[in-house]
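One letter stands for each residue in the lines below.
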Amino acid sequence: MAKHIFMIDKRVANAVEAIKDIPNGVTLMIGGFGLCGIPENCIAAILQKGITDLTCISNNAGVDDFGIGLLLKTKQVKKMISSYVGENAEFERQLLSGELEVELIPQGTLAERVRAGGAGIPAFFTPAGVGTEVAEGKETRVFDGKTYLMERWLRADFSIVKAWKGDTSGNLIYKGTARNFNPMMATSGTVTIAEVEELVEVGELDPNQIHTPGIFVHRIFQGSNYEKRIEQRTISNLKI
Amino acid sequence: MLDKIGIAKRIAQEVRSGMYINLGIGIPTLVANYIPTSMNVVLQSENGLLGIGPFPTEDRVDPDLINAGKQTITMMPGSALFSSADSFGMIRGGKVNLTILGAMEVSENGDIANWKVPGKMVKGMGGAMDLVASAQNIIVAMQHCSKEGASKLLKKCSLPITGLNCVKKIVSDLAVLDVLPTGGFKLLERAPGVSVDQIKNATEGKLIIEGEIPEMNLG
């Protein structure tokens, strides 16, 4: 048995440090569902640095003044690959004027394509989209009497994810429905950057509770000033 | 004729104890309010939760806990959280027993169109294509006709398709209908105050009427 096994220290100071080598024109995966579980600090840093010509893979495109919507406003995004983009008027304007390219993908297919990218599976078959315009130009095959559509993996130059807690070796734990696309995106970036609300030393997280093992994460930092904006604040008077 | 709440109440009668259910945005979300408390069901949210609870009180709002419509929610005791890949794994894997969603058009062979109107802003299909391609049972909540009076229960959908041969049942403002595997809308119930002739006139696709058609009982 080795006497000394050191975990790899992946911590960087902050978002500015974490994104400093992202060039123009790359493909970025950005975690989150709506504004829930988005990497707020990294989005702000990309906005400030003015990285442009981005292809963004993200389930949604934020709202006009938050999330990926901020990068759309400044025209840093060349193409969006998403499943639902309905909450953003600036997005709509750019799409209709032809300034922005958009590829819409069924949500489960998007999740699985990202998962496949990280898991080394170049293609798979899914029933979603058979007989629709999503199937145009794609191979179909019949298995056990049902038709399926071949979909390719998705990978990114940089994946940016948000977790609740992480340790310095990149192990991550998510909270609530802020998990969503983050675990798969963490696996399919050539470089994966994780921002967390609480960064702890190695050994402080229970290995039984880790959602994303540190092998997938290359840089990690503790974010600050999380706004966690709510899109639909829905309240009841019911006592639970 | 039924209003949105009437449609939700009637669909709630289709729910059975032990079901895992995915509710779409709009009228389908309202169905949760009318499921009898005696029934044990689990509501699935495709952004990664089994066990959706009521909307939170002001002091329990958690931005890290939302449903697929991005509304703040709570979790029932015994809930489980998971990734979007796991979520659509359980959807494609056929584990979700009942899917309730809205539609712009349904054809007599069960095709559904609900994600795109050409020429208008395209918002995306979200999880609808995955849900309709794999659900064990799909009930559609919809208006029988457009505001201009054109039927939305058609021989063939005119709008871009979301999925083929998948709708099993429709609850509209006028009627409850089964979509038969062999094709055709089989009329099961009339909405209160609606005649069979009204339903005939409002249905462009093949309508199958056998015997007396009872009026819905909304309890």
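Before any of the text, the structure's been laid out above.
Predicted model, so just to flag it, every value in this text is computed and none were measured.

A. Structural detail: the overall build of chain B. A tally of regular secondary structure across chain B gives 5 helices and 13 strands. What you see for chain B is a C-alpha radius of gyration of 17 Å, in line with the 17 Å of a compact globule of 219 residues. Here chain B, with 219 residues, has 57% of them falling under the buried criterion. The contacts in chain B between residues at least 6 apart in sequence include a share of 60% that link residues at least 24 apart. Split by element, the accessible area of chain B, about 9100 Å² in all, is 52% carbon and sulfur. Of note, chain B has its 21 positive side-chain charges centred 4 Å away from the centre of its 21 negative side-chain charges.

B. Fine view of the environment of T190 of chain A. Structurally, T190 of chain A is set in strand β10 (residues 189–200). Those residues in contact with T190 of chain A that lie beyond four places of it in its chain are A156, D157 and H218 of chain A.

C. View of the interface of chain A and chain B. Contacts between the two partners involve 53 residues from chain A and, on the opposite side, 48 residues from chain B. Summing the contributions of chain A and of chain B, the shared interface buries around 4200 Å²; its carbon and sulfur component is 62%. On inspection of chain A and its partner chain B, the count reaches 6 salt bridges. For the pair chain A and chain B, the number of links is 24 residue pairs in polar contact (both at pLDDT 80 or more). The set of elements that each furnish at least two residues to the side of chain A that touches chain B consists of α4 (89–97), α5 (107–119) and α6 (182–187) of chain A. With 6 residues, the single largest contributor to the side of chain A that touches chain B is α5 of chain A. Along the lines of polarity and charge, the residues of the side of chain A that touches chain B split into 22 nonpolar, 18 polar and 13 charged.

D. Up close: the sheet that holds strand β8 (residues 138–142) of chain B. All names here are of chain B. Strand order across the open sheet formed by 10 strands is β4-β3-β2-β1-β5-β8-β10-β11-β12-β13, with mixed pairing between neighbours. This sheet does not close on itself; its edge strands, each paired only once, are β4 (75–81) and β13 (207–208). The sheet contact formed by strand β10 (residues 169–172) and strand β11 (residues 175–179) spans 3 bridges and is antiparallel. Within β11, the position partnered with V171 by the bridge is V176.

E. Geometry of the sheet that holds strand β5 (residues 123–126) of chain A. Residue and element names in this part refer to chain A. With antiparallel pairing, the 3 strands of this open sheet are ordered in space as β5-β7-β6. Edge positions in the open sheet fall to β5 and β6 (140–143), since each of these has one partner strand only. The mean inter-strand angle of the sheet, taken between neighbouring strand axes irrespective of direction, is 40°. Relative to strand β7 (residues 146–152), β5 runs antiparallel, the two sharing 4 bridges. Each bridged residue has a counterpart across the sheet, and for F124 the counterpart in β7 is E151.

F. Region of the structure containing the pairing of β11 of chain B. Residue and element names in this part refer to chain B. The element β11 is extensively covered by neighbouring structure, given that 4 of its 5 residues are classed as buried. The antiparallel hairpin formed by β10 and β11 contains 2 residues in its connecting segment. Pairing of β11 with strand β12 (residues 185–190) involves 5 bridges; the strand directions are antiparallel. By the bridge assignment for β12, D178 is matched with K186.

Reading guide: rules and limits
Residues numbered from 1 in each chain as written. Chains lettered and ligands numbered in written order. Predicted model: local features only at pLDDT ≥ 70, side-chain atom pairs only at ≥ 80, totals over all residues. Heavy atoms only, no water. Helix = DSSP H or I, 4+ residues; strand = E, 2+ residues; numbered from the N terminus. Rg over C-alpha atoms; globule rule 2.2 N^0.38 Å. Buried < 20%, exposed > 50% of the residue type's maximum accessible area, 1.4 Å probe, protein only. Contact = heavy atoms within 4.5 Å. Areas by Shrake-Rupley, 256 points an atom, 1.4 Å probe, with all protein chains shown as cover. Lys, Arg positive; Asp, Glu negative; His and termini not counted. Charge placed at Lys NZ, Arg CZ, Asp CG, Glu CD. Buried area = accessible area lost by both parts, 1.4 Å probe. Salt bridge = Lys/Arg side-chain N within 4 Å of Asp/Glu carboxyl O. Polar contact = N/O pair within 3.5 Å; in protein donor to acceptor, adjacent residues only side chain to side chain. Nonpolar A, V, L, I, M, F, W, Y, C, P; charged D, E, K, R; others polar. Pairing = 2+ DSSP bridges. Axes fitted to C-alpha atoms, helices over the stretch in contact; angles between N-to-C directions.

Note that all results are geometric; they support no functional claim without further evidence.
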